[in-house]
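# Structural description and commentary
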Amino acid sequence: MFVVGITVFLVVFGDYTNRANIKIYSADKKQCVTIITQGKMRYFINGEHNSVPKTEYIKIDKSEIPLIGDEIGICWKNENYEWEIVDHQSKIIGVKLDTLKFKFNTSWEKDKHGIPNSKKYHKPNCGTIDLLNMKTYDETIILEN
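Thresholds, definitions, all that
- All residue numbers refer to position in the chain's written sequence, counted from 1.
- Two thresholds apply to this predicted model, a pLDDT of at least 70 for residue-level local features and 80 or more for giving and counting side-chain atom pairs, whereas whole-chain, interface and lining totals are computed over all residues.
- Processing note: side-chain calculations cover all non-hydrogen atoms of the structure and skip hydrogens and water entirely.
- If DSSP finds at least two bridges between two strands, the strands pair.
- Secondary structure elements are defined from DSSP: runs of H or I of at least 4 residues count as helices, runs of E of at least 2 residues count as strands, and each element is numbered from the N terminus.
- The rule is simple: take the accessible area with a 1.4 Å probe, protein chains only, and divide by the maximum for that residue type; under 20% is buried, over 50% is exposed, in between is partly exposed.
- Nine residue types can take part in a nonpolar core, namely buried Ala, Val, Leu, Ile, Met, Phe, Trp, Tyr and Cys, and a core is a set of them joined through side-chain atoms within 4.5 Å.
- For this analysis, residues touch if any pair of their heavy atoms sits within 4.5 Å.
- A fitted line through C-alpha atoms represents every axis, and for helices the fit uses only the stretch in contact; the resulting angles, taken between N-to-C directions, go from 0 to 180 degrees.

## Some thoughts on the sheet that holds strand β12 (residues 135–136)
Judged by pairing direction, the sheet is mixed, and its 5 strands sit side by side in the order β8-β6-β5-β11-β12 without closing on themselves. Because the sheet does not close on itself, it has two edges, and the strands there are β8 (102–105) and β12. As paired elements, strand β5 (residues 71–76) and strand β11 (residues 126–130) share 5 bridges and run antiparallel to each other. Bridge assignment links E71 to a residue of β11, and that residue is D130.

## Some details on unusual backbone geometry
Positive phi is not limited to glycine here, since K29 has a value of about 60°. Within the secondary structure, K29 sits in the loop between β1 (21–26) and β2 (32–38). Assessed through its relative accessible area of 43%, K29 is described here as partly exposed. One non-glycine residue with positive phi stands out, namely E56, at about 70°.

## Digging into the nonpolar core
Core analysis: the biggest nonpolar cluster contains 19 residues, and V33, F44, I74, W83 and I85 have the highest contact counts within it. For this core, the elements supplying multiple residues, two or more each, are β1, β2, β4 (57–61), β5, β6 (83–87) and β8. When residues in this core are grouped by element, the largest group, 3 residues, is from β5. Beyond its immediate sequence surroundings of up to four residues, V33 is in contact with I22, K23, I24, F44, I45, G47, I74, W76, W83 and I85. Among the nonpolar cores identified, the runner-up in size contains 5 residues, and C75, V86, Y121 and C126 belong to it.

## Structural notes on the sheet that holds strand β7 (residues 91–96)
Pairing is antiparallel in the open sheet, where 6 strands are placed in the order β7-β4-β3-β2-β1-β13. What marks the edges here is a single partner per strand, and that holds for β7 and β13 (141–144). Averaged over neighbouring strand pairs, the angle between their axes works out to 20° when direction is ignored. Where β1 and β13 come together, 4 bridges link them in antiparallel fashion.

Structure (structure tokens):
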């Protein structure tokens, strides 16, 4: 009976979200970034992918990112880049992406008091994603996993 109770609990309250391979799309689905997480490493890959390609990605160390603060900001086609992404408290390990077309930041911009905030990513064609709860906070991005 105990095993049945545990099984029912896991089925009802279990979290089956795939956080290892997610795709972020622009609202019109013309642009995509795939995020693949392997242990403490995370890859931000331009386009739709099921595995890490040889090029078109940024590899980061996410070991310093607290689970509760694991949030990503993205802007599509801003004035200078195809996309611009921030993963606060990450550390860039490798870049195999055209940095003239794509931009990656390791911290939120800071306000006049030096406090990081996501304000920049709450504009048209931008948005934020809470990776703990797998939720987007703006209708300008689509999250699939």
